[in-house]
Amino acid sequence: MPPPDFDQLCDGPLAPMLEGLEVRRRAAVARFAWIMAGIAVVAVAALVFIPDLAFKFFAAGAILFAGWLAASRPLEATARALKEPAAAAISQARGLTYQATGFPADGYEPLHPLLGRPSGRTFRDRIAGTQQGTPFAVYHAALVTGSGKSRRDVFKGLILALTGRPVQGETVVVPDRGLFNLFSPGAGMARVRFEDDPAFEHQFEVYSTQPDEARALVNPVVRQALTAWRSNHPQLFVRLAADQVTVAMADDGDPFDVGSMLKAIPGRERVRGLWDDLERALGQVDQVRSTFG
């Protein structure tokens, strides 16, 4: 399939939603402003009429937070009405499928213990298909642990799942864990050392049920690629088992986003952001495929 043309997409299937986007955005911003103005009045009234000093500030803060959530819904709905059809159209033009939410998280469950068994997980924006003859799926994951004041982010980034060449054992590559390197992350796994590559050893640890196979799989070319990827990703996890390759790449950005609806950004520029994000994700798929395929 020839590569899609951005202008043809915007002038074709995306034209109807782009034409009325600014009108819908302004209406959503107006609703946001009116709701927040009303909530501010209620919050001020709480500060004036609630006698208890500590409780009045708590009540005012809670009112403002709840009001912000309610006021943001029209903005979020406007963004979603553009993002989901646009992401689907861009994916379809490449012969791929797009799912916003409610999809199976390809390859995630075996990664769950490697990521510290986070208690909360959110998956969104799954794009799947075939790249250079290799079936793949890529999606965004946000993983957290704890709740309330103890809540913290565990992982935020893309998870890529590809079909690769079959292997006999299970091999994982995880970030260096300090003293915890002595403990295997999975049953029957032994630590695999690469003393001849101190740069790699400084950043990663490798464990496998088949150490000899792991040394062949994580060869100098693969180690060089992983070290290069790590320079752009604060966390990087790899799992090789059966004919599946799964890679989790942490990222501080927010891919597949159309930008704040509080800002007057041209519709084509918002769609261009989705286009570029998909291009980057497919580039990462190609890197993984060529490294482990």
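A quick note: this is a predicted structure, and the numbers were derived from the prediction, not measured. (Residues numbered from 1 in each chain as written. Predicted model: local features only at pLDDT ≥ 70, side-chain atom pairs only at ≥ 80, totals over all residues. Heavy atoms only, no water.)

**Observations regarding the overall build of the protein**
Inference 1: A count of helices and strands for the protein gives 9 helices and 9 strands.
Inference 2: The principal-axis extent of the C-alpha atoms belonging to the protein is close to 70 × 55 × 30 Å.
Inference 3: Here the protein, with 293 residues, has 44% of them falling under the buried criterion.
Inference 4: In the protein, the proportion of contacts linking residues at least 24 apart, taken out of those at least 6 apart, comes to 64%.
Inference 5: When the accessible surface of the protein is summed, it comes to about 15,100 Å², and 58% of that surface belongs to carbon and sulfur atoms.
Inference 6: Side chains of the protein carry 31 positive and 31 negative charges; the gap between the two charge centres is 6 Å. (Helix = DSSP H or I, 4+ residues; strand = E, 2+ residues; numbered from the N terminus. Buried < 20%, exposed > 50% of the residue type's maximum accessible area, 1.4 Å probe, protein only. Contact = heavy atoms within 4.5 Å. Areas by Shrake-Rupley, 256 points an atom, 1.4 Å probe, with all protein chains shown as cover. Lys, Arg positive; Asp, Glu negative; His and termini not counted. Charge placed at Lys NZ, Arg CZ, Asp CG, Glu CD.)

**Topic: the packing of helix H3 (residues 21-49) against helix H4 (residues 53-93)**
Inference 1: At their nearest, the axes of H3 and H4 sit 9 Å apart, and the two run at 175 degrees to each other. As far as their axial angle goes, H4 and H3 are roughly antiparallel.
Inference 2: When its residues are assigned to classes, the contact of H3 with H4 shows 22 nonpolar, 3 polar and 4 charged. (Axes fitted to C-alpha atoms, helices over the stretch in contact; angles between N-to-C directions. Parallel < 35°, antiparallel > 145°, perpendicular 65-115°, else oblique. Nonpolar A, V, L, I, M, F, W, Y, C, P; charged D, E, K, R; others polar.)

**Observations regarding the pattern of salt bridges**
Inference 1: As enumerated under the stated definition, the model contains 18 salt bridges in all.
Inference 2: Among the salt bridges present, the one from arginine 268 reaches aspartate 11, with a minimum N-O distance of 2.1 Å. Here aspartate 11 lies in helix H1 (residues 6-11) and arginine 268 lies in helix H9 (residues 267-292), a separation of 257 residues in the sequence.
Inference 3: Residue classification places aspartate 11 among the exposed residues on the basis of a relative accessible area of 52%.
Inference 4: Between arginine 94 and glutamate 279 there is a salt bridge, and its shortest N-O distance comes to 2.3 Å. Of this pair, arginine 94 sits in the loop between H4 and strand S1 (97-99) while glutamate 279 sits in helix H9; the two residues are 185 residues apart in sequence, bridging distant segments of the chain.
Inference 5: Look at arginine 94 and you get buried, because its relative accessible area is 16%. (Salt bridge = Lys/Arg side-chain N within 4 Å of Asp/Glu carboxyl O.)

**Notes on the nonpolar core**
Inference 1: One finds Leu226, Val271, Val288 and Phe292 to be the most contacted residues of the largest nonpolar core, which totals 59 residues.
Inference 2: Looking at this core element by element, the count peaks at 9 residues for H9.
Inference 3: In contact with leucine 226, not counting residues within four places along its chain, are Val173, Phe200, Phe204, Leu236, Val238 and Phe292.
Inference 4: Counting residues in each nonpolar core, the second largest holds 19 residues, with Tyr108, Leu143, Phe155 and Tyr207 among its members. (Core = buried A, V, L, I, M, F, W, Y, C linked by side-chain atoms within 4.5 Å.)

**Observations regarding the side chain of threonine 78**
Inference 1: Counting through the fold element by element, threonine 78 comes out in helix H4.
Inference 2: Exposure remark for threonine 78: the relative accessible area of 9% places this residue in the buried category.
Inference 3: Once residues within four sequence positions are removed from consideration, threonine 78 is found in contact with Leu21, Arg24, Arg25, Ala28 and Met261.

**Here's the deal with H4**
Inference 1: In this model, H4 (41 residues) spans 59 Å end to end at C-alpha, consistent with the 60 Å of a helix rising 1.5 Å per residue.
Inference 2: The backbone nitrogen of phenylalanine 55 has a side-chain oxygen 2.7 Å away, supplied by the residue at the start of H4, namely aspartate 52.
Inference 3: One or two positions beyond H4, positive phi appears at glycine 95, with a value near 75 degrees. (Expected span 1.5 Å × (residues − 1). Polar contact = N/O pair within 3.5 Å; in protein donor to acceptor, adjacent residues only side chain to side chain.)

**Some thoughts on the pairing of strand S9 (residues 244-250)**
Inference 1: Buried residues dominate S9, accounting for 6 of its 7 residues.
Inference 2: Here strand S4 (residues 152-163) runs beside S9; their pairing, made up of 7 bridges, is antiparallel. Counterpart to leucine 162 in the pairing with S9 is valine 245.
Inference 3: Between the end of strand S8 (residues 236-241) and the start of S9, which pair antiparallel, lie 2 residues, with alanine 242 showing a positive phi angle near 55 degrees. (Pairing = 2+ DSSP bridges.)

**Comments concerning the sheet that holds S1**
Inference 1: Judged by pairing direction, the sheet is antiparallel, and its 9 strands sit side by side in the order S1-S2-S3-S4-S9-S8-S5-S7-S6 without closing on themselves. Every interior strand has two partners, whereas the edge strands, S1 and strand S6 (190-192), have only one. The mean angle between the axes of side-by-side strands here comes to 15 degrees, regardless of whether they run parallel or antiparallel.
Inference 2: Both strand S5 (residues 170-175) and strand S7 (residues 204-208) contribute to a ladder of 5 bridges, which runs antiparallel. Within S7, the position partnered with valine 173 by the bridge is valine 206.
Inference 3: Against the sheet, H4 touches S1 and strand S2 (120-131), its axis set at about 160 degrees to S1.
Inference 4: Strand contacts of H9: S2, strand S3 (134-145), S4, S8 and S9, with the helix running at about 60 degrees to S4, the strand carrying the most contacts.

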